[in-house]
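# Coordinate analysis (summary)
In case you want the letters, here they are:
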Amino acid sequence: TTRQQGRQTQSQTRPLPHRLAHSTPQSQQETQVVENKNVALFEHLYKQPRRTTIAGVSKDVYRDVLAEGKSRLKHYAEPADNIQMIESYVTPPGTSLPRNLTLLLSPQIEYLGSCRSLSMSTRNAIRWLKLLINDVDIETAEEKAKSDLCEAIDNFIREKIIIADQLIASMASSKIKDGDTILTYAKSKVVTKTLLQAHAQGTKFKVIVIDSRPLFEGKELVQELAAAGLDVQYSLTHAISHLMQSASKVFLGAHAMLSNGRLYSRIGTAVVAMNASKLAKPVIVCCESIKFTDQLALDSIVTNEIVPPNELLLPEREGQERKQALASWRELPNLQLLDLMYDVTPADYIDMVITEYGSLPPSSVISIYRLSLST
Amino acid sequence: MSFAPNLSSFLGSLKESPTNVELSLQTLVDLFKRRQIRGSRQCAIATAHLLKQVIRRFKARDTVSLIKRVQDVGQKLTDAQPKELAISNIIRRILGVIRDEADGDKEGDAFQNYSSSEPGTPRKKGSMSPPQGQQNGVPVIADLEALHRPPLLTSHTSYMASTNGPIVTSMFSLLSQPLSDTSTPGSQSPAQQLYSSFNPTLRPQELSAEVIDGIDEIIDELDNMDDQIASYAIDHIHSNEIILTHGTSLTVQRFLLRAASKRRFTVIHAEGYPNQHHETHATITGKHKASSDGDPDQSDVQRFAKPLIEAGITVVLIPDAAVFALMSRVNKVILGTHAVLANGGLIASAGVKSIALAAREHRTPVVVVTGVYKLCPTFVFDFDSFIEYGEPGCVLGCAEDSDLIGKVDVENPLHDYVEGELVDLFITNLGGHAPFSLSSVITEQYRSEDTDLAVGN
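This one's a predicted model, so the numbers in the text were calculated from it and none came from an experiment.

## A closer look at the environment of Asp 294 of chain A
Residue and element names in this part refer to chain A. Within the element layout of this structure, Asp 294 appears in the loop between β7 (283-286) and β8 (335-337). Assessed through its relative accessible area of 39%, Asp 294 is described here as partly exposed. A C-alpha to C-alpha distance of 8.4 Å links Asp 294 and Asn 260, two positions 34 residues apart in sequence. Beyond its immediate stretch of four places on either side in the chain, Asp 294 contacts Ser 259, Ile 366 and Tyr 369.

## A closer look at the sheet that holds strand β8 (residues 346-349) of chain B
Residue and element names in this part refer to chain B. With antiparallel pairing, the three strands of this open sheet are ordered in space as β7-β8-β11. At either margin of the open sheet sits one strand with a lone partner, and together these are β7 (339-340) and β11 (415-418). Looking at chain direction, β8 and β11 are connected through four bridges and run antiparallel. Along β11, the bridge assignment pairs Ile 347 with Tyr 417. The strands touched by helix α16 (residues 352-361) are β8 and β11; relative to β11, the strand with the most contacts, the crossing angle is about 35°.

## What to know about the packing of helix α3 (residues 40-56) of chain B against helix α4 (residues 63-80) of chain B
All names here are of chain B. Where α3 contacts α4, the two axes come as close as 11 Å, and the packing angle between them is 145°. The hand of the α3/α4 crossing is right-handed. Taken together, the residues of α4 that come into contact with α3 (itself represented by Thr 47, Leu 50, Leu 51, Val 54 and Ile 55) are Leu 66, Arg 69, Val 70, Val 73 and Leu 77. Classifying every residue of the contact of α3 with α4 by side-chain character gives eight nonpolar, one polar and one charged.

## Points about the environment of Ile 442 of chain B
Residue and element names in this part refer to chain B. Relative to the elements of secondary structure, Ile 442 occurs in helix α17 (residues 438-445). Relative accessible area serves as the criterion here: at 1%, Ile 442 is assigned to the buried category. For the pair formed by Ile 442 and Arg 263, sequence separation is 179 residues and the distance between their alpha carbons is 32 Å.

## Considerations on helix α2 (residues 21-33) of chain B
Residue and element names in this part refer to chain B. Across its 13 residues, α2 extends 18 Å between first and last C-alpha, which sits within 8% of the 18 Å expected from 1.5 Å per residue. Along α2, the positions that sit buried rather than exposed are Val 21, Ser 24, Leu 25, Leu 28, Val 29, Leu 31 and Phe 32. Viewed end-on, α2 has its buried residues packed into an arc of 165°, placing them on one side of the element.

## Overview of the side chain of Gln 53 of chain B
Residue and element names in this part refer to chain B. Inspection of the secondary structure puts Gln 53 in helix α3. Only 3.0 Å separates the side chain of Gln 53 from the backbone oxygen of Leu 14, close enough to count as a polar contact. Residues contacting Gln 53, with those up to four places away along its chain left out, are Leu 14, Ser 17, Pro 18 and Val 21.

## Details of the packing of aromatic side chains
Scanning the model with the defined rule gives five aromatic pairs over all chains in all. Taking 6.0 Å as the distance between ring centres and 50° as the angle between the ring planes, the aromatic pair formed by Phe 216 of chain A and Tyr 273 of chain B counts as tilted. Of this pair, Phe 216 of chain A sits in the loop between β2 (206-211) and α10 (218-227) while Tyr 273 of chain B sits in the loop between β4 (266-270) and α13 (277-285), each in a different chain. Of the two residues examined, Phe 216 of chain A and Tyr 273 of chain B, each falls in the buried class.

## Digging into the domain arrangement of chain B
Buried accessible area, meaning the area lost when the parts come together, often serves as the stated size of an interface. Residues and elements named next belong to chain B. Looking at chain B, the domain boundaries give domain 1 (7-110 + 204-221), domain 2 (151-197) and domain 3 (231-450). Each partner contributes residues to the interface: domain 1 has 27 residues there, and domain 3 has 27 residues. Its largest share of buried area at the contact with domain 3, domain 1 owes to Lys 83, Leu 85 and Arg 92, together 30% of the area lost on that side. Here domain 1 is connected to domain 3 by three salt bridges. Salt-bridge contacts for Arg 99 lead to Asp 450; the nearest nitrogen and oxygen are separated by 2.6 Å. Across the domain 1-domain 3 interface, the total number found is 13 residue pairs in polar contact (both at pLDDT 80 or more). Looking at the side of domain 1 that touches domain 3, the elements with two or more residues in it are α1 (7-16), α3 and α5 (85-110). By residue number, the principal contributor to the side of domain 1 that touches domain 3 is α5, which donates 11 residues. Classifying every residue of the side of domain 1 that touches domain 3 gives eight nonpolar, eight polar and 11 charged.

## Some thoughts on the sheet that holds strand β1 (residues 181-185) of chain A
Within the open sheet, the eight strands sit side by side as β11(A)-β10(A)-β7(A)-β4(A)-β1(A)-β2(A)-β3(A)-β10(B). Their pairing is mixed. What marks the edges here is a single partner per strand, and that holds for β11 (358-360) of chain A together with β10 (409-410) of chain B. For strand β3 (residues 231-236) of chain A and β10 of chain B, the ladder comprises two bridges, and the chain directions are parallel. Across the sheet, Gln 233 of chain A pairs through a bridge with Asp 409 of chain B, a residue of β10 of chain B. Sitting on the sheet, helix α8 (residues 142-173) of chain A is in contact with β4 (249-253), β7, β10 (352-355) and β11 of chain A, with an inclination near 140° to β10 of chain A. Across the face of the sheet, helix α12 (residues 269-278) of chain A comes into contact with β1, β4 and β7 of chain A while running at roughly 160° to β4 of chain A.

## Quick word on the pattern of salt bridges
Residues and elements named next belong to chain A. For the structure shown, the criterion picks out 20 salt bridges over all chains. Among the ionic pairs, Glu 220 bridges to Lys 187, the shortest N-O distance being 3.7 Å. Residue Glu 220 is found in helix α10, and its partner Lys 187 is found in the loop between β1 and α9 (189-200); the two are separated by 33 residues along the sequence. By relative accessible area, which is 28% here, Glu 220 ends up partly exposed. Connected through salt bridges with shared partners, the residues Lys 187, Glu 220 and Glu 224 form a single ionic network.

Cut-offs applied
- Residues numbered from 1 in each chain as written.
- Chains lettered and ligands numbered in written order.
- Predicted model: local features only at pLDDT ≥ 70, side-chain atom pairs only at ≥ 80, totals over all residues.
- Heavy atoms only, no water.
- Helix = DSSP H or I, 4+ residues; strand = E, 2+ residues; numbered from the N terminus.
- Buried < 20%, exposed > 50% of the residue type's maximum accessible area, 1.4 Å probe, protein only.
- Contact = heavy atoms within 4.5 Å.
- Pairing = 2+ DSSP bridges.
- Axes fitted to C-alpha atoms, helices over the stretch in contact; angles between N-to-C directions.
- Left-handed = near helix turned anticlockwise from the far one by under 90°.
- Nonpolar A, V, L, I, M, F, W, Y, C, P; charged D, E, K, R; others polar.
- Expected span 1.5 Å × (residues − 1).
- Arc of directions from axis to C-beta.
- Polar contact = N/O pair within 3.5 Å; in protein donor to acceptor, adjacent residues only side chain to side chain.
- Phe/Tyr/Trp six-rings, centres within 6.5 Å; stacked < 30°, edge-to-face > 60°.
- Domains from an automatic or database assignment.
- Buried area = accessible area lost by both parts, 1.4 Å probe.
- Salt bridge = Lys/Arg side-chain N within 4 Å of Asp/Glu carboxyl O.

Here's what the structure looks like:
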């Protein structure tokens, strides 16, 4: 069904190499020893430690949601919806569906949020779902109400995610011309789709993938592109000013588009966009309108997500007798490790945002956001 | 101890066999070619020591052939590692010492009071040169060296066409001097200069000894450079600042460490992955032996640096991708560099360009700390020719990315060219310089006839 498809596209697994190893409860305990290792500047972002077990979860949380939450612990996926619970939902006698369902939804969302902070698209989807549930007429029969809701959700996933992705990919791939060298950063699903589609259409172009520590998401992109037979060049953030000279266009994915036209995306995106705009290379952002938000930010400090710092440690190599210098960083006074998830790219660096509604300048984000609310 | 030859083993071999100059030269050329001695500081020290040996063993009795000999040796060294600009800078300095001694001998007869009456006082007070002298009790050694230099050349621009002959104090030099000459002190009139002629056969024994002294001063300067640079730290870092730095520069570490003796601040340190991160981690943790595939030469020197965290400074290690995100809270960016070109542009570690750009975008001042031996008089337009490339294996490891090897092109530049306009302040062992006054510092360092050392000849 569409829903399953949607869930697949959305939660396609992106395993993180050393997440599991480091987020064991043991390493959580280490945090409490001696010194506060939180970076003072970002104290507001270290809320509670990220949930690592399902212990203590409210009993109202549905099984499917639990499973979703668990997979979120392992993967950097962005599921827009976790709504299978509605199918197994039975309105308790004595209450109406809208009121009870809304109440029930909150622990689910809270649980998901405790696994990893909710992405902009998830928040938008939840807001939409709550409105939808509120609109259900109390008089409607329960079975009818449930099937109506599920259908609406299916449509939502199809429109906002699957079709939106296809539309964006075909629009963006038409921007790639023969002889182009496309530079991209880390891995974005829509950008991957765009590049593969342009290649399938027979356009002859090169791709430069810039990647960064500690996630190395770009390696996956390289894997996919190389498998499709594309000409790929790979390097890390240090080479960006160098490789930018040979690029002709820059394609970036988004985690969210903020209403002041800024791009909230994987950390390092701002560095790439800045280098591109200094050399007057067009920067094109591919972003579904579900990721548009009315939030705004001026810097990357107020809103962000902190990755557990142990992920910055270098993987221990086999046969290496001596320990990495950083291995015992928690015992060293005054030393802190900081790994942020996102950064905010100024709107000046962005030339074009491609959404399913068309291509527009970053200044139009807010109007697209309003438009997508009304549809 | 590592068995691979490095700087200390080379210096040891110089001591052991002081007579076989050709062998030492060949050894150093090989070490340069194999990049077993690398980094501007190590190359500079090795070059200075070798040339000292060359000059000590040189038998000819006139300056012209001594200069020729140094130029020949210099050519071999720069050919071995053309991207290490410090080598040619040291050769230029030494050529300058020889020329100065040759000129000075003649001058000394006519104006004996210059060098004998007030030793330690700079003879020339170029209006563009920074305040010099005793700084925190550390004598600025370059002054002594500048003592023997005729003031005539101070207003040459480093990149102007120069006469390559050994004769400096000629009509040509006088004519190429701009009319609006404010930097030449009035102590020596052009007429007097005109009379002092060049005598190539004057007292060769003494000359050679004086040149050796001059080279020793240069070597001393290389050794004490970081201390002198660090003495300016208090002037530039104030309390509770957030400083961003990058990579493993020992000069930067000592600069920050000196500031830490008086002030409390926070350092955000970008790690410089994939070429420098082992060294960076070792530098901030103070565990130098921990890095297994780091550069052993580097560790030899760096072992003597105390990590900042031990001085009570909070150090935050970040991946390189985070520099833009954090720049809005950074008060100053302090960077080391590999070389500084005559136009003020930097050849610095890869990734520094992005930091400098991000700093400019946030109007954050960028301070570059560097020894004067990294300032090059060469003016080039093809900046990419100075960029060296590293092993692609650092970017894609053989073990963990075996499935990607062979499918992709991997690029690993070691250096970035950073425009001088992105730098707000240079701090050298001579003091602080605004970027636009850098060219006058460069001019004072080298004789203009040596500018074309590597490029022209």
